[in-house]
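Here is how the chains run, residue by residue.
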Amino acid sequence: AVGDGTGRVEFFENTGTATSPIWTHRSSDWLPVDVGTDAAPAFADIDNDGDFDLAVGDELGHVEFFENTGTATSPIWTHRSSDWLPVDVGTDAAPAFADIDNDRDFDLAVGDGLGHVEFFENTGTATSPIWTHRSSDWLPVDVGTDAAPAFADIDNDHDFDLAVGDGGGDVEFFRNDTPYLTSGTFISSAIDTGQHSDFTTLDFTILEPTGADLKFQLRTATTEAGLAIAIWRGPTGTTDFYIISGTAINPVHDGHRWIQYKAFFSTTITSVSPTLADITINYQFFPASASLTSSPFNTTNPRNALTQILWTETLPTGTEIRFQVRTAPDLAGVPGTWTVWAGPCDGIAGSFAATFFTDPTGAEPIDADMRDEINDQWMQYKVLLETTDIMVTPILFDVTIRTELVTHIVFPPGKLVIVAPHPVTAAGAVFWLRLPVETIEATLKIFAIDGRLLVSTPLDPLADRYPAVCRTMDIKRRARKAARIGYLFLPREDQG
């Protein structure tokens, strides 16, 4: 944008590239009103809305303001003020914007017809400026006539330098050589880690020119208010300093929730200063509790019985590991309806959902519902890991679930004879059974027609008969007795 002597602002669009511009003339009268004579435009995002607004100086020493009420790519210039500043600068105002005091808003320098540069500090905000006149002759020398300032960091020292055009066609240069202080400190805001934490290392990226130095201390507390009285400490827990990135944070801070850092800047050469690019305080913590659920396990046997759960653990003080288990029948190769999560047997089958296994040796009994060999083909465990001290955590190494696989002997026709006309009960049944010689252990179980378990009796493979009190009788006598009182017979081989 170029101002002209008739008070207009002309616009040239760059239709080339960022490195090789081509200036295409788009408008000879870009603004909705001209400013009289000697227009001097300057751009800045005055209301901090993401697009450029426009200030234009005029011959009478005023600065007029045009707000962009369009977009960043298609501006609409709305004339907001024909005399934007609290004082005019005499003649031939030429504005230039920069954040001179580094407070994140634009300040304003205005050249005048006498060769002075006047300075207006923005004492308002980044979205609503208030222009406070700080100086009518800001530079150590004037430039003759028609001063036209422009800001840039020419020497790359992170501050604004100033170039000023004059009425004779020259550009004069003013370097910003404000010396650095020999030392200073910066204290961070209070940092909330969200819980009592274990602080590990302090990492930072700094630039230290020759003669410059930058070092750190930390302080922590359990509450934000406690930081104010906490002691600044270095890596040894005393008043020394962190000077190497990655240094371990002293454990005196562990268990605290709030933390701050303090940076100590110093230089022996006031033309250079140390620079802090970034800083990271590393910490960790363990949640108070977490759970893990195993994948379902298919035992492949519908008469399976869950008998024991064991595990290997390490429990620091304040930690605990607890288990629950559940079972399900098979439903075409996938688990059917699961039981509730259950802990050890409390003496009442089915009333165990609130209990947990805590003995890793497996001494706690499994509830009868999961040992009845009914609908327990699938099984699963859930483990809870808990701590009351977030600095330590329980460790689970392995889990073992033991099951009992019941083998059912199917006798050929004629070997098992039921002669009783009534349902068999435990008191009304007598069995003679010879087990295979390789039998190690066996259990005799009697079920009702509806599947209910009526009798479950361990068998001694070395015994002669069951029950032991049964009398031996010949076949005819046994048959007659069975017919009269409803006994069930399983003949022994040596008796035919």
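Residues numbered from 1 in each chain as written. Predicted model: local features only at pLDDT ≥ 70, side-chain atom pairs only at ≥ 80, totals over all residues. Heavy atoms only, no water.

J.: Can you tell me about unusual backbone geometry, naming the residues and giving the values?
T.: Despite not being glycine, Arg 104 shows a phi value in the positive range, around 70 degrees. The topology assignment puts Arg 104 in the loop between strand E8 (94-98) and strand E9 (107-111). Residue Arg 104 is classed as exposed on the basis of its relative accessible area of 76%. One non-glycine residue, Asn 375, lies in the positive phi region at around 60 degrees. Position of Asn 375 relative to the elements: it lies in the loop between strand E26 (334-335) and strand E27 (378-387). (Helix = DSSP H or I, 4+ residues; strand = E, 2+ residues; numbered from the N terminus. Buried < 20%, exposed > 50% of the residue type's maximum accessible area, 1.4 Å probe, protein only.)

J.: Please set out the pairing of E8 residue by residue, giving values where relevant.
T.: The buried fraction of E8 is high, at five of five residues. Alternating residues of E8 divide into Ala 94, Ala 96 and Ala 98 and Pro 95 and Phe 97, and every residue in both groups is buried.

J.: Describe in detail the packing of aromatic side chains, supporting the description with residues and values.
T.: Under the defined criterion, the tally for this structure stands at 20 aromatic pairs. Both rings, one in Trp 84 and one in Trp 131, keep their centres 5.3 Å apart while their planes meet at 75 degrees; by these two values the pair is edge-to-face. Here the residue Trp 84 occupies a position in the loop between strand E7 (77-81) and E8, and Trp 131 occupies one in strand E11 (residues 131-135), the gap between them amounting to 47 residues. Given a relative accessible area of 16%, Trp 84 falls into the buried group. The interplanar angle of 80 degrees and the centroid separation of 5.0 Å between the aromatic rings of Phe 241 and Phe 264 together place this pair among those described as edge-to-face. With a gap of 23 residues between them, Phe 241 in the loop between strand E17 (212-221) and strand E18 (247-248) and Phe 264 in strand E19 (residues 256-267) connect regions that are remote in the sequence. In this structure Phe 241 comes out as partly exposed when scored by relative accessible area, which is 26%. Pairwise contacts between aromatic rings join Phe 11, Trp 30, Phe 43, Phe 52 and Trp 77 into one cluster. The side chain of Lys 215 reaches across the aromatic face of Phe 241, ending 4.2 Å from its centre. (Phe/Tyr/Trp six-rings, centres within 6.5 Å; stacked < 30°, edge-to-face > 60°. Lys NZ or Arg CZ within 6 Å of the ring centre and 35° of its normal.)

J.: Quick rundown of the nonpolar core? Include the residues and the values.
T.: Formed by 15 residues in total, the largest nonpolar core has its most connected members in Trp 84, Phe 97 and Val 110. Secondary-structure elements contributing two or more residues to this core are strand E4 (40-44), strand E6 (63-68) and E9. Setting aside residues no more than four positions away along its own chain, Phe 97 makes contact with Ala 42, Phe 43, Ala 44, Ile 46, Ala 55, Trp 84, Phe 106, Asp 107, Leu 108, Trp 131 and Phe 151. Core analysis: the next-biggest nonpolar cluster, separate from the first, contains 13 residues, Ile 309, Ile 321, Ile 366 and Met 379 among them. (Core = buried A, V, L, I, M, F, W, Y, C linked by side-chain atoms within 4.5 Å. Contact = heavy atoms within 4.5 Å.)

J.: I'd love a proper account of the confidence of the model for the protein chain, names of residues and values included.
T.: Looking at the protein chain, pLDDT values average 83 and 81% of them are 70 or higher. Contacts for the low-pLDDT stretch residues 407-432, under 50 throughout, to residues beyond four places or in other chains number 45 contacts. Throughout residues 464-496 the model reports pLDDT below 50, and contacts reaching past four residues in sequence, or to other chains, amount to 66 contacts. (pLDDT = per-residue confidence, 0-100.)

J.: Residue-level account of the pairing of E17, with values.
T.: For a regular strand, side-chain orientation follows a simple rule: the groups alternate between the two sheet faces. Among the 10 residues that make up E17, eight are buried, leaving the element largely enclosed by the rest of the structure. Note: E17 against E19, 10 bridges, orientation antiparallel. The residue of E19 that forms the bridge with Lys 215 is Phe 264. (Pairing = 2+ DSSP bridges.)

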